[in-house]
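Chain by chain, the residues:
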Amino acid sequence: VGSAALGQIQASQLQKTLTTKPKPLVPKEDLIFGHVFTDHMLTFEWTAKAGWGRPQIKPYGPLQIDPCCAVLHYALECFEGLKAYRDAQGKVRLFRPEKNMERMNNSAERLHLPQFEGSQVLECIKELLRTDERWVPEGRGYSLYLRPTLISTENTLGVHRSNSAMLFVIASPCGPYFPTGFKAVSLYCDETNVRAWPGGVGNKKLGSNYAPSIGPQVMAESKGYQQVLWTIGDDHELMEVGTMNLFVFWRTEDGNTELVTPPLDGTILPGVTRDSILELTRSWGEFKVSERKINMKQLARASDEGRLLEVFGAGTACVVTPVNRIHFQGKDYQVPLDPANSESQAGPLAARIYNTLFAIQYGELPSKWSVVV
Ligand code: PMP
């Protein structure tokens, strides 16, 4: 947060300009993720001279930025993704939103874009939710996806620090990721392309981390797999699954049952879902929960020896996504889903985590993680 003399974001100063042309709501069944946006958006402008200006809620619409803006040339941009859920009483809830504010400030720091008081931005986000309340869909699996975005609006060419920036928040109603509940995905272990590396920015949510993932993702699809399993190094250390954190549930060689996820060594995005799963499963105290390195050879051997119990991705979009098959060096390694239920698309652990987090997000299970708007 900049020097005290500069303007800070103050939710109490929020100005509202309401649309004169509210859009018709899209029927719930027709919602496609990220296709429809609400009537309003939230914007905050910043200059190095004056700091943050007054927060504004205004009609959703195009931004006017100069073609020379740094965001368009050097990808000076970071973003967040979180959801608002409608509970059974009709109240709107957020899930650990302060974690997203914290992560966004960490992302901004690396780009030398302005940081901000997360609690003040959150208050403004809540006001946006109250303004566009009718857009928060009802029903299991439905939510309003929020996309806070911070861009450099520096209007001079050259790679240097920004003198102006804009933070905005847009909102998109969405349905359940998989209407039938879970849908297990297959993974292609990419040996050529690396998503992030030591000293890099894998732990930041920068747009520039996502652009270079399109090529490998299309390649995985062309080979008949749904997502990329990102690895690094000669040992093919496991990193992430597509845009999700990775969890492996297995019996180790010494016979322990363990849930393991790669450690936050700077190459892994610190997912809010990841953190929640770690805290939740540790509180159960039923098996070992570890943040440690794990490589493809160990995973392949566990699959061959029948020690692999479950593999799943974790993220805001779908909470957990079970994995059923992993391609590595010419061979497909099978991951059991639910051995007790041949129809199931999820293992028992993934299903239990999903149900618990889901109940918290929709206010069915009281938790400090769920914040009423
Ligand atoms: N890893 C990557 C690369 C992601 O883009 C995301 C989505 N933000 C995640 C993990 C999951 O993070 P979260 O649980 O905070 O959604």
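Residues numbered from 1 in each chain as written. Predicted model: local features only at pLDDT ≥ 70, side-chain atom pairs only at ≥ 80, totals over all residues. Heavy atoms only, no water.

*Asks:* Would you mind going over the overall build of the protein chain in detail, with residue names and values included?
*Replies:* Per the secondary structure count, the protein chain includes 8 helices and 19 strands. Computed over the C-alpha atoms, the radius of gyration of the protein chain is 21 Å, within 12% of the 21 Å expected from 2.2 N^0.38 for a compact globule of 373 residues. Once the C-alpha set of the protein chain is aligned to its principal axes, its extents read approximately 60 × 50 × 40 Å. Looking at the 373 residues of the protein chain, the share that counts as buried comes to 53%. For the protein chain, restricting intrachain contacts to residue pairs at least 6 apart in sequence, the fraction spanning at least 24 positions comes to 71%. Summed over its atoms, the accessible surface of the protein chain is roughly 16900 Å², and 51% of this surface lies on carbon and sulfur atoms. With 39 positive and 40 negative side-chain charges, the protein chain shows a spacing of 3 Å between the two charge centroids. (Helix = DSSP H or I, 4+ residues; strand = E, 2+ residues; numbered from the N terminus. Rg over C-alpha atoms; globule rule 2.2 N^0.38 Å. Buried < 20%, exposed > 50% of the residue type's maximum accessible area, 1.4 Å probe, protein only. Contact = heavy atoms within 4.5 Å. Areas by Shrake-Rupley, 256 points an atom, 1.4 Å probe, with all protein chains shown as cover. Lys, Arg positive; Asp, Glu negative; His and termini not counted. Charge placed at Lys NZ, Arg CZ, Asp CG, Glu CD.)

*Asks:* Help me get a handle on the site of the ligand, residues and values and all.
*Replies:* Taken together, 15 residues surround the ligand, and among them Lys205, Tyr210, Glu240, Thr273 and Thr316 come closest. For the ligand, an oxygen atom lies 2.5 Å from a polar atom in the side chain of Tyr210. In the model, an oxygen atom of the ligand is placed 2.6 Å from a nitrogen or oxygen of the Thr316 side chain. Coverage of the ligand by the protein chains reaches 95% of its 390 Å² of free accessible surface. Put simply, the parts of the chain that give the shell around the ligand at least two residues each are β13 (244–251), α6 (272–284) and β16 (308–315). Residue composition of the shell around the ligand, grouped by class: 5 nonpolar, 6 polar and 4 charged. (Near = heavy atom within 4 Å. Polar contact = N/O pair within 3.5 Å; in protein donor to acceptor, adjacent residues only side chain to side chain. Nonpolar A, V, L, I, M, F, W, Y, C, P; charged D, E, K, R; others polar.)

*Asks:* An account of the nonpolar core is requested, with residue identities and associated values reported.
*Replies:* Looking at soluble globular proteins, one finds that nonpolar side chains tend to be buried together. Ranked by internal contacts, the top residues of the largest apolar core, which has 39 residues, are Leu42, Leu129, Leu150 and Leu167. Residue assignment for this core shows that the elements contributing at least two residues are β2 (40–47), β6 (82–86), β7 (92–95), α2 (97–111), α3 (118–131), β8 (143–152) and β9 (164–174). If we skip the residues at most four places from it in the chain, Leu167 touches Ile9, Leu42, Thr43, Phe44, Trp52, Met104, Phe116, Val121, Thr149 and Leu150. Residues Phe95, Leu259, Phe358 and Trp369 belong to the second largest nonpolar core, which totals 27 residues. (Core = buried A, V, L, I, M, F, W, Y, C linked by side-chain atoms within 4.5 Å.)

*Asks:* Go over the side chain of Asp190 with me, naming the residues and quoting the values.
*Replies:* Here Asp190 lies in strand β10 (residues 185–190). For the buried Asp190, which has no salt bridge, the nearest side chain bearing the opposite charge is Lys223, at an N-O separation of 9.1 Å. Polar contacts involving the side chain of Asp190 include one to the main-chain amide nitrogen of Thr192, which spans 2.9 Å. Residues in contact with Asp190, not counting those within four places in the same chain, are Pro216, Met219, Val228, Leu229 and Thr231. (Salt bridge = Lys/Arg side-chain N within 4 Å of Asp/Glu carboxyl O.)

*Asks:* Got a sec to walk through the packing of aromatic side chains? Specific residues and values, please.
*Replies:* The full count for this structure, using the stated rule, is 13 aromatic pairs. Between Phe95 and Trp369 the ring centres are 5.9 Å apart and the planes differ by 80 degrees, which places this aromatic pair in the edge-to-face class. Linking Phe95 in strand β7 with Trp369 in the loop between α8 (348–361) and β19 (370–372), this pair joins segments that are 274 residues apart in sequence. In this structure Phe95 comes out as buried when scored by relative accessible area, which is 9%. Overall, the relative accessible area of 8% leaves Trp369 in the buried class. (Phe/Tyr/Trp six-rings, centres within 6.5 Å; stacked < 30°, edge-to-face > 60°.)

*Asks:* Quick rundown of α8? Include the residues and the values.
*Replies:* With 14 residues, α8 ought to run about 20 Å at 1.5 Å a step, and its terminal C-alpha atoms sit 20 Å apart, in line with that. For α8, the buried fraction is high: 10 of the 14 residues fall into the buried class. Those residues of α8 that fall on the buried side of the exposure criterion are Leu349, Ala350, Ile353, Tyr354, Thr356, Leu357, Phe358, Ala359, Ile360 and Gln361. A positive phi of about 70 degrees marks Gly363, the residue just after α8. (Expected span 1.5 Å × (residues − 1).)

*Asks:* I'd like a rundown of a nonpolar patch on the surface, residues and numbers included.
*Replies:* Together, Leu63, Ile65 and Leu72 line one region of the surface with nonpolar side chains, adding up to about 230 Å² of accessible area. Along the chain, the position of Leu72 falls in helix α1 (residues 70–74). Its relative accessible area of 51% is what places Leu72 among the exposed residues. (Patch = residues over 30% accessible without salt bridge, like charges linked within 9 Å, V, L, I, M, F, W, Y side chains within 5 Å.)

*Asks:* Describe the packing of α6 against α8, listing the residues and the values that go with them.
*Replies:* Two elements in contact, α6 and α8, have axes whose closest approach is 11 Å; the angle formed by their N-to-C orientations is 105 degrees. What the angle tells us is that α6 and α8 run roughly perpendicular. Contacts between α6 and α8 involve Thr273, Ser276, Ile277, Leu280, Thr281 and Trp284 from the first element and Leu349, Arg352, Ile353, Thr356 and Leu357 from the second. A per-class count over the contact of α6 with α8 returns 6 nonpolar, 4 polar and 1 charged. (Axes fitted to C-alpha atoms, helices over the stretch in contact; angles between N-to-C directions. Parallel < 35°, antiparallel > 145°, perpendicular 65-115°, else oblique.)

Any link to function would need more than the numbers given here.
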